[in-house]
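What the coordinates show
Now for the letters of each chain:
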Amino acid sequence: MPAMLVAAGSLAAAFWAALHLRTLLLAAVTFLFLADYLKSRRPKNYPPGPPRLPFVGNLFQMDFRQSHLAVQQFVKKYGNVIRLDFGIMSSVIISSLPLIKEAFSHLDENFINRPIFPLQSHIFNENGLIFSSGQTWKEQRRFALMTLRNFGLGKKSLEQRIQEEAHYLVEAIGEEKGQPFDPHFKINNAVSNIICSITFGERFEYHDGQFQELLKLLDKAMYLGTSIMIHLYNIFPWIIKHLPGQHQTLLATWRKLKSYIADIVDNHRKDWNPDEPRDFIDAFLTEMAKYPDKTTTSFNEENLICSTLDLFLAGTETTSTTLRWALLYMALYPEVQAKVQAEIDRVIGQEKHPSLADRDSMPYTNAVIHEIQRMGNIVPLNVPREVAVDTTLAGFHLPKGTTVITNLTALHMDPKEWATPDTFNPEHFLENGQFKKRESFLPFSMGWRPLRAEIVEGKLSSLCCVRGQHLLRGQNDQSRH
Ligand code: HEM
Ligand SMILES: *[C@@H]1O[C@H](CO)[C@@H](O)[C@H](O)[C@H]1NC(C)=O
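Given the structure is predicted, the values throughout are model-derived calculations rather than measurements. (Residues numbered from 1 in each chain as written. Chains lettered and ligands numbered in written order. Predicted model: local features only at pLDDT ≥ 70, side-chain atom pairs only at ≥ 80, totals over all residues. Heavy atoms only, no water.)

**As for the site of ligand 2**
- The local shell around ligand 2 consists of His68, Val71, Gln72, Ile93, Leu381, Asn407 and Ala410.
- Contacts to ligand 2 include Gln72, whose side-chain N or O atom sits 3.0 Å from an oxygen atom.
- Here ligand 2 has 360 Å² of accessible area as a free molecule, and 80% of this is covered by the chains.
- With three residues, helix α2 (residues 67-78) is the largest single contributor of residues to the shell around ligand 2.
- A class-by-class count of the residues in the shell around ligand 2 yields four nonpolar, three polar and no charged. (Near = heavy atom within 4 Å. Polar contact = N/O pair within 3.5 Å; in protein donor to acceptor, adjacent residues only side chain to side chain. Areas by Shrake-Rupley, 256 points an atom, 1.4 Å probe, with all protein chains shown as cover. Helix = DSSP H or I, 4+ residues; strand = E, 2+ residues; numbered from the N terminus. Nonpolar A, V, L, I, M, F, W, Y, C, P; charged D, E, K, R; others polar.)

**Here's the deal with the pattern of salt bridges**
- Scanning all chains against the criterion turns up 18 salt bridges.
- Lys290 is the partner of Glu287 in a salt bridge, and the nearest nitrogen-oxygen pair spans 3.1 Å. Note that Glu287 and Lys290 are positioned in helix α12 (residues 280-290) at a spacing of three residues, about one turn of the helix.
- Looking at Lys290, the relative accessible area reads 55%, which means it is exposed.
- Notably, a salt bridge pairs Asp358 with Lys352, separated by 2.9 Å at the nearest N-O pair.
- A residue is classified by how much of its surface remains accessible, and Asp358, at 8% relative accessible area, is buried.
- According to the relative accessible area criterion, Lys352 is partly exposed, its value standing at 42%.
- A cluster of three or more residues bridged by salt bridges with shared partners is formed by Arg42, Arg52, Arg83 and Asp85. (Salt bridge = Lys/Arg side-chain N within 4 Å of Asp/Glu carboxyl O. Buried < 20%, exposed > 50% of the residue type's maximum accessible area, 1.4 Å probe, protein only.)

**Quick word on the environment of Ile198**
- Counting through the fold element by element, Ile198 comes out in helix α7 (residues 184-199).
- Residues Ile198 and Ile281, spaced 83 residues apart in sequence, show a C-alpha to C-alpha distance of 8.7 Å.
- In contact with Ile198, other than residues within four places in its own chain, are Leu148, Phe151, Leu158, Arg161, Asp279 and Phe280. (Contact = heavy atoms within 4.5 Å.)

**Side note on the sheet that holds strand β6 (residues 403-406)**
- The strand order across the open sheet formed by four strands is β1-β2-β6-β3, and the pairing between neighbours is mixed. Because the sheet does not close on itself, it has two edges, and the strands there are β1 (81-86) and β3 (385-386).
- Two strands pair when backbone bridges link them, and strand β2 (residues 89-94) and β6 are joined in this way by four bridges, in the parallel orientation. Note on β6: the bridge partner recorded for Ile93 is Ile405.
- Sheet strands touched by helix α3 (residues 97-106): β1, β2, β3 and β6. Its angle to β2, the strand with the most contacts, is close to 115 degrees. (Pairing = 2+ DSSP bridges. Axes fitted to C-alpha atoms, helices over the stretch in contact; angles between N-to-C directions.)

**Re the pairing of β1**
- Burial within β1 is extensive, with six of its six residues counted as buried.
- Judged by which residues are buried, β1 turns out to be covered on both faces: Val81, Arg83 and Asp85 on one side and Ile82, Leu84 and Phe86 on the other are all buried.
- Taken together, the six bridges between β1 and β2 define a ladder with antiparallel strand orientation. Bridging across to β2, Arg83 finds its partner in Val92.

**A closer look at the nonpolar core**
- In this structure, Phe124, Phe200, Trp254, Leu257, Leu309 and Phe312 are the most contacted members of the largest nonpolar core, which totals 66 residues.
- Ranked by the residues each element gives to this core, the list is headed by helix α11 (residues 246-270), at eight residues.
- Setting aside its immediate chain neighbours within four residues, Leu257 contacts Leu214, Leu217, Leu218, Ala221 and Leu309. (Core = buried A, V, L, I, M, F, W, Y, C linked by side-chain atoms within 4.5 Å.)

**Looking at the packing of helix α13 (residues 301-332) against helix α15 (residues 363-376)**
- Where α13 meets α15, the axes come as close as 9 Å, and the angle between the chain directions of the two elements is 105 degrees. The orientation of α13 relative to α15 falls into the category roughly perpendicular. Taken together, the residues of α15 that come into contact with α13 (itself represented by Thr322, Trp325, Ala326, Tyr329 and Met330) are Val368, Ile372, Gln373, Met375 and Gly376.
- Taken together, the residues of the contact of α13 with α15 break down into seven nonpolar, three polar and no charged. (Parallel < 35°, antiparallel > 145°, perpendicular 65-115°, else oblique.)

Dropping the structure here:
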């Protein structure tokens, strides 16, 4: 009998426990839905978009391999400012030239911040140049521009450094004696040497094993950055961070890159002389020494490492990738290659180094370079921005904190703007044999975020952006920050 009672008792207990568990679960699920509903409530006049599912947003409305086609349909249906949600990430996508210009020129201050996604937060923690906002960004950017200008102007101009490096690269390619070879890391090395000469104070030989390793790490970080696990990590970080996968490899790769830079910084400390800064790192150490109270300034160890890494990666990957596209297009279009060669032979010849001053006499080559950048389209969705103060764009209300993606691909491939949007065609940038600027060409984005620097003799030139439009704006740039 007592045994039965006990059994009944434990049955009841189990029953209650089960009920309890169910109530709890029900309460939890209700809470999650409510939280999701509250989170997804939008202010009045928020941009339209496809209906979202709880928790996952529009994630599964996209076929990942053809997501671009799905988004095209949404743009057709909802217009040039649309909302898309991916799990906890919610963003507004802008895909027309007038609106991108409106956001990044007239309203640029309102769109100046960067959103911070879990992965970047893990690696950069809002430090450095590319992923920072607010005071850190202002200080780091002003300092980077100033230092790039000083070291560019110093002993050798940036242009001279580029000319010398181009010479070494041509020599290294010559050593292959016309046999097939993979130019990837020779090109990366040559390109990277320009920014390295400013950040680290030296260039590296193409057979320097340690530097090649650094370049390969960077390449790997870029390549892994596009994997599906990274998207998932950014959407559901709490779950994904416990799983194995490529995101773990990526995090490890970034850790290695940072510790590489940290080692270079340590080496600089050993023979640092504040009176004779050799490079960006030395100048940064001097700046750090000015602020004993580290709480009021961004000039600290973390920003030193992150800003140096940012310059290294932004100054290496972009230009190298563009040059590899250039080689590919020249191989695919030998008739274009022949015309470029003829123009080079005519304007530059065999004796002289090519220089920026030759650009105006080389409309065909200039057009080809622009067309390579249009088709290469290497930053297709720009680097995301975040709305800094409540803003109205095209009648839509964008509250502070909204992530904004600008679709540069939509400009570069716009069938209304380009005669043959999907085909390589330098004529896009030519008119009566003269170079013709095109508004729908924004590979460097626009406004205050792309990095520009004043380089030669009061003439404004730049690292990241070498187009007229940016050059003209560089002047007031100095007074603004
Ligand atoms: C073909 C070459 C390049 C392309 C297509 C390119 C493109 C871009 C784009 C699209 C952005 C984002 C701008 C925005 O948010 O609106 C950017 C930012 C940046 N670029 Fe470049 N870039 C190139 C070369 C370089 C070089 C050589 C450097 C060397 C220092 C560089 C340094 C940077 C930095 C530091 C930023 C971040 C600035 C910030 O967030 O405040 N870029 N670039
Ligand atoms: C960007 O524009 C291109 C070309 O119209 C389109 O195929 C792609 O889906 C768009 N992507 C996003 C994220 O809006």
